[in-house]
Each structure stands twice: as structure tokens, then as C-alpha cells.
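Structure assessment
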Amino acid sequence: SAMQFTPQQLAGAQRYGPQTRVGNWLEDTCLDESKIADFRKRKEQGSLTMGFTQAKMALCNQPVPHSYSSDGKLRFGDTVVVVHQTSNAALASDLFDEISFGSKEYLVTASPNTAPTARTTFVIDRAQESKEADDSDDVLYYGMPFALRCNDSLLVDKRINMLKAPFYLASTLKNERQGSRVSNRQLAYMTPRKDSKATWCVQKLAASDPGVSRLLSKEEPVPANAPLVLQHRGTFQTLSCDPKHVDSTDFGPEFEVCCHNNLGTGKIEALSSESSAAAAGAA
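One structure accompanies this document, and this report is about it. (Residues numbered from 1 in each chain as written. Predicted model: local features only at pLDDT ≥ 70, side-chain atom pairs only at ≥ 80, totals over all residues. Heavy atoms only, no water.)

Let's talk about the packing of aromatic side chains
Taken as a whole, this structure holds one aromatic pair when the rule is applied. The residue whose ring lies beneath R119 is F251, and the NZ or CZ to ring-centre distance is 3.7 Å. Above the plane of the ring of F76 lies R126, whose end atom (NZ or CZ) is 4.1 Å from the centre. (Phe/Tyr/Trp six-rings, centres within 6.5 Å; stacked < 30°, edge-to-face > 60°. Lys NZ or Arg CZ within 6 Å of the ring centre and 35° of its normal.)

What to know about the nonpolar core
Core analysis: the biggest nonpolar cluster contains 41 residues, and L91, L140, F146, L148, M190 and L239 have the highest contact counts within it. One finds Y168, A170, L187 and A198 within the second-largest nonpolar core, a separate group that totals six residues. (Core = buried A, V, L, I, M, F, W, Y, C linked by side-chain atoms within 4.5 Å. Buried < 20%, exposed > 50% of the residue type's maximum accessible area, 1.4 Å probe, protein only.)

Regarding unusual backbone geometry
Phi angles above zero are rare outside glycine, and N225 is one such case at about 60°. Residue position: N225 is located in the loop between helix 4 (210-216) and strand 11 (227-232). A residue is classified by how much of its surface remains accessible, and N225, at 32% relative accessible area, is partly exposed. Of note in the backbone geometry, F236 takes a positive phi value of approximately 60° without being a glycine. For F236, the position within the fold is in the loop between strand 11 and strand 12 (239-249). What makes F236 exposed here is its relative accessible area of 54%. (Helix = DSSP H or I, 4+ residues; strand = E, 2+ residues; numbered from the N terminus.)

Brief notes about the pattern of salt bridges
In a structure, side chains of opposite charge can pair up when their charged atoms sit close to one another. This structure, assessed with the given rule, holds 10 salt bridges. Between D71 and R75 there is a salt bridge, with the nearest N and O atoms lying 2.9 Å from each other. Looking at D71, the relative accessible area reads 38%, which means it is partly exposed. Judged by relative accessible area, which is 24%, R75 ranks as partly exposed. Note that K194 is salt-bridged to D125, the shortest N-O span being 3.6 Å. With K194 in the loop between strand 9 (186-191) and strand 10 (200-203) and D125 in strand 4 (residues 122-126), this pair connects stretches of sequence that are 69 residues apart. By relative accessible area, K194 is classed as partly exposed at 29%. Given a relative accessible area of 14%, D125 falls into the buried group. Beyond isolated ion pairs, a larger network of salt bridges with shared partners links D125, R149, D152 and K194. (Salt bridge = Lys/Arg side-chain N within 4 Å of Asp/Glu carboxyl O.)

Purely geometric numbers; function is a separate question.
Have a look at this one:
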């Protein structure tokens, strides 16, 4: 901001400072003190730009455990990494990057880093409308509604030593105000609202006749580490990623994630949900 100087300050140049009691010396002293106090306060709260960015990177990129499936089935409560097959990039959230101011909708991209970190792992959660009386069978089946919740590590609020409310992967029909940042397709984002927009189901990747194949697979458990299609229940659009569409993020260039049915290009919509069985095998 522009500073106002007294004639004495202008004439005296460097010979006059807050210690020299001429002109608005008291105002200068108070201004310096308030700047130092503000800096200290922001430093303590971790809101300095440099400190905040470092803290964000440390929080989001921290390694976290993901689930091991002994029988090769995905279950509610499992922590998974969802990898896009064509680009070999992992679904990733940024709960600090709001898509539009005040929307409480946060960025989702596909990260080249597929290691299980806080931002690239998601928990398979029961959908809002799920009212299963028998919770003993916690296996995820094809076509069954579910939600994808962010990793709890992202929700730790150190100031109050509590967990903040969780966020869920969601999508909503494209309109004149809402579209993905690069390709302007149907937006995928993280939201604190667990409703129909945050409800998904797994479908089989079927090139020839997906309708028949998906109808027959209703009672079939979803296997871990296998190609699958993640379909948004409300719009019947598929979670998708095209390596041509690169988004600039705080974590560097990453691929845009949106909801889009890539008809005739089964590879692009193919996703694979990885449990630690794959990681252990690779190690």
C-alpha cells in the first residue's frame, strides 16, 4: 500500500526513522509494531503463504496405508487407490483448492504419483440411500450404490485436535455455470454433502454389449486390482480422464478428471481400483 510521508521525512531521507521523533513518528512506530504482530500471529496460525503451502504439501502427500484384500474382493471401509489405466494416474483430491469461491466444491485431478498418499487414497463408504439391514455382508457388488470418502488424514485439525467433516467425490450435470476447468465437460469434485450427487456404482468394462454384461453381473462382487468403470448414479456418466487435458495445480501439472461417457473408447474410461495386494506384489 502507498505510504504518506511528511516533508521532514522526504527532506531527511535516510536520516529520519521512527526513532527520530519528528513528523508522524508515532504512526510509523505503531505501523511497524502492528506488522510484526500480524506476521507473528499468521506464523503461529500457519497462514503465511510459504508456511501454508509447505504444510499443505506435507499433509496431502504423507504416505498412508491402504487395505489388503485377502480374498481379492472390495469391501465397504476399504481404503483404495483408483488408477486410470490409460494415463496410469491416480484419482487425487485437493481440499484446499475451491473450484469457485464459496462453492465448498474442491478440486479433483488425476496425479502421475500413484503411491498411496493422503490425497490419492479414498475410502469406500455406504451411499446415502443405503439402508441395508444386514451389514454383515460388507462386500461391494457391481451396480451397488456407494460413496468415495476422502482419507481421514486430510481432515485432522491440529488446532482443536479433532477431525473435520469428511468430503466425498461427487458430480453434477453440466450447465452454463458449472463445467470442468479444462475441457468444460461434466464436473467432478469433492463435497462435504453426502447426497445423490456423491453416489457412484461400479460397472463392468464391457466392450461388446455392456448392457447385458452389466445386468448379469449384479450379484457379482467387485474384484480388487481389476479394470472397472466408475459410474455416477445420478447422471449415468462415467468418471473419466483424458491425458490431453492437463490442469495446473499446486502439485504441478495433473490430468483433468471429469464425468464423460467415452463411447467406443473403452480404454479411456477404464479404471482400476487398487488395494495393497497389488502394492505388496509389486514390492
